[in-house]
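Below, each chain spelled out in residue letters.
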Amino acid sequence: MTRLSPAPDPAALRRSADAGDGAAAHRLAVLTAMGLGVAQDWDAALELLRQAAALGFAPAVEELALLGDSDGRVDMEAWLTAPPPRALPAGGPAILTIGSFLPAAVCDRLCRRAEAVISPALVYDPRTGEGRREAVRNNDAARFELPEMDVVLAVVRERIARAAGLPVAGLEWTQVLRYAIGQRFDWHVDWLDPANPAYAEDLRRRGQRIATCLVYLNDDYEGGETAFEAGGLRWRGRKGDALLWANTLPDGTVDRRTRHAGLPPTRGEKRVLSQWLRGRAPQP
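Counting restarts for each chain, with residues numbered from 1 along the sequence as it is written. Local features in this predicted model are restricted to residues of pLDDT 70 or higher, and side-chain atom pairs are both shown and tallied only at a pLDDT of 80 or more, whereas totals for entire chains, interfaces and linings draw on every residue. Based on all heavy atoms of the structure, the side-chain values leave hydrogens and waters out of the count.

Moving on, we come to the sheet that holds strand β9 (residues 209-216). Judged by pairing direction, the sheet is antiparallel, and its eight strands sit side by side in the order β1-β2-β13-β9-β16-β7-β6-β3 without closing on themselves. Lying at the two open borders of the sheet, with one neighbouring strand each, are β1 (86-87) and β3 (119-120). Think of it this way: DSSP has to see at least two bridges between two strands before they count as a pair. Only DSSP runs of H or I reaching four residues or more are called helices, and only runs of E reaching two or more are called strands; each is numbered from the N terminus. Where β9 meets strand β13 (residues 242-246), five bridges bridge the pair, whose relative direction is antiparallel. The residue of β13 that forms the bridge with A211 is A246. Between two residues, a contact is recorded if the distance between any of their heavy atoms is within 4.5 Å. Fitted lines through C-alpha atoms give the axes, limited to the stretch in contact for helices. The angle between two N-to-C directions lies from 0 to 180 degrees. Sheet strands touched by helix α6 (residues 104-114): β6 (140-144), β7 (174-179), β9 and β16 (270-278). Its angle to β6, the strand with the most contacts, is close to 100°. Relative to the sheet, helix α7 (residues 151-164) contacts β2 (95-98), β6, β7, β9, β13 and β16, its axis offset from that of β16 by approximately 60°.

Pasting the structure below:
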């Protein structure tokens, strides 16, 4: 279960930034990009990112270099607009693939940042609201909560939300998954079972997991396909490609055909960004 971490006070961050604190300017840029505690404003977020870089905050310098062209210009509209999707063959759930969804440099950065917070992957325990280890899943995962967020990841999340046609406020915390040889996430669904009373409070607060997006962060491995039981699909994206599917039907009921698995690599390590999308922001 995803809980929103308390956001720092934007006014206090602004005072610190104006006093020459590059880290504060960067944190305020992240909040502004995400619309947490302040109105979402991409132009203002970029200006704050530039301020943080000018103050010598190294992560901000790296992010600006990644987002900008050779002249340092950032085309935010291009960053937030995904390439057109392509529907995969029928016979199962509604699945789209989006080629070159993320540039290779962004994929590489996500992999590097994941190394600092990666740990054994968990599954959701509805009784406690926490994660737990299960035999069904033996890969590793890095979850980027608010303290780990940066402007580049905020851009990635907005791009995913727009591609799916869902509000960015409904995104759970982004994860980067790592599969070593033989590691897998066995057959499962991403939606929360509305017939299970243990999920009732989560569904009331956050709504259903309407969609899932995977972005393949590398392709120098063998095996490791994403497999769907219905229709027999086995999919392996190239580096930067995205796979997007609906977990619910048009009438809002869950799509039981979305049972899927992350198959184990047979050579090398697979790394993939995983994003669950709800239909709305959390409620009190």
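What follows concerns the pairing of β13. The element β13 is extensively covered by neighbouring structure, given that four of its five residues are classed as buried. Here β2 pairs with β13 via four bridges, running antiparallel. Opposite I98, over in β13, you have A242 as the bridge partner. The cut-offs for exposure are 20% and 50% of the maximum accessible area for each residue type, with area from a 1.4 Å probe on protein chains only; residues under the lower value are buried, those over the upper are exposed, and the others partly exposed.

By secondary structure assignment, the location of L55 is in the loop between α3 (42-54) and α4 (58-67). A sequence separation of 186 residues divides L55 from D241, and the C-alpha atoms of the two residues are 35 Å apart. Those residues in contact with L55 that lie beyond four places of it in its chain are A17, G20, D21 and G22.

The next thing to look at is the pattern of salt bridges. Salt bridge, as used here: a side-chain nitrogen of Lys or Arg that lies within 4 Å of a carboxyl oxygen of Asp or Glu. On inspection of all chains with the given rule, the structure shows 23 salt bridges. Among the salt bridges present, the one from D18 reaches R14, with a minimum N-O distance of 3.1 Å. Placement of both D18 and R14 in helix α1 (residues 10-18) is noted, with a separation of four residues, approximately one turn of the helix. According to the relative accessible area criterion, R14 is partly exposed, its value standing at 32%. Ionic pairing is found between E172 and R278, a salt bridge with its closest N-O pair at 2.8 Å. Residue E172 is found in the loop between α7 and β7, and its partner R278 is found in strand β16; the two are separated by 106 residues along the sequence. Accessibility assignment for this pair places E172 and R278 in one class, buried. Shared partners join several salt bridges into a network, and the residues in it are E62, E63, R109, R113 and D150.

This part is about the packing of aromatic side chains. Note on aromatic pairs: each is described by the distance of the centres and the angle between the planes. Here is the rule: rings of Phe, Tyr and Trp (six-membered ring for Trp) pair when centre to centre is within 6.5 Å. Planes less than 30 degrees apart are stacked, more than 60 are edge-to-face, and the remainder are tilted. Applying the stated criterion to the full structure yields one aromatic pair. Arranged with centres 4.9 Å apart and planes meeting at 90°, the rings of F228 and W245 form a pair that is edge-to-face. Highlighted residues: F228 in strand β11 (residues 226-228) and W245 in strand β13, separated in sequence by 17 residues. Of note, R236 hangs over the ring of Y221, and the distance from its end group to the ring centre comes to 4.3 Å. Any Lys NZ or Arg CZ that is within 6 Å of a ring centre and within 35 degrees of that ring's normal is treated as a charge sitting over the ring.

Remark: α4 packs on α7, axes separated minimally by 9 Å, with the N-to-C direction vectors making an angle of 40°. Classed by the angle they form, the pair α4 and α7 counts as oblique. On α7, the residues touching E63, L66 and L67 of α4 are V151, V152 and V155. Under the scheme applied here, ten amino acids are nonpolar (Ala, Val, Leu, Ile, Met, Phe, Trp, Tyr, Cys and Pro), four are charged (Asp, Glu, Lys and Arg), and all others, including Gly, are polar. Split into classes, the residues belonging to the contact of α4 with α7 amount to five nonpolar, no polar and one charged. Orientation is classified from the angle alone, with under 35 degrees giving roughly parallel, over 145 giving roughly antiparallel, 65 to 115 giving roughly perpendicular, and any other angle giving oblique.

Strand order across the open sheet formed by four strands is β8-β14-β11-β12, with antiparallel pairing between neighbours. If you trace the sheet from one side to the other, it starts and ends with β8 (185-188) and β12 (234-235), each paired once. Examined bridge by bridge, β11 and strand β14 (residues 260-262) share three bridges and lie antiparallel to one another. Among the inter-strand pairings, A227 is bridged to a residue of β14, identified as A261.

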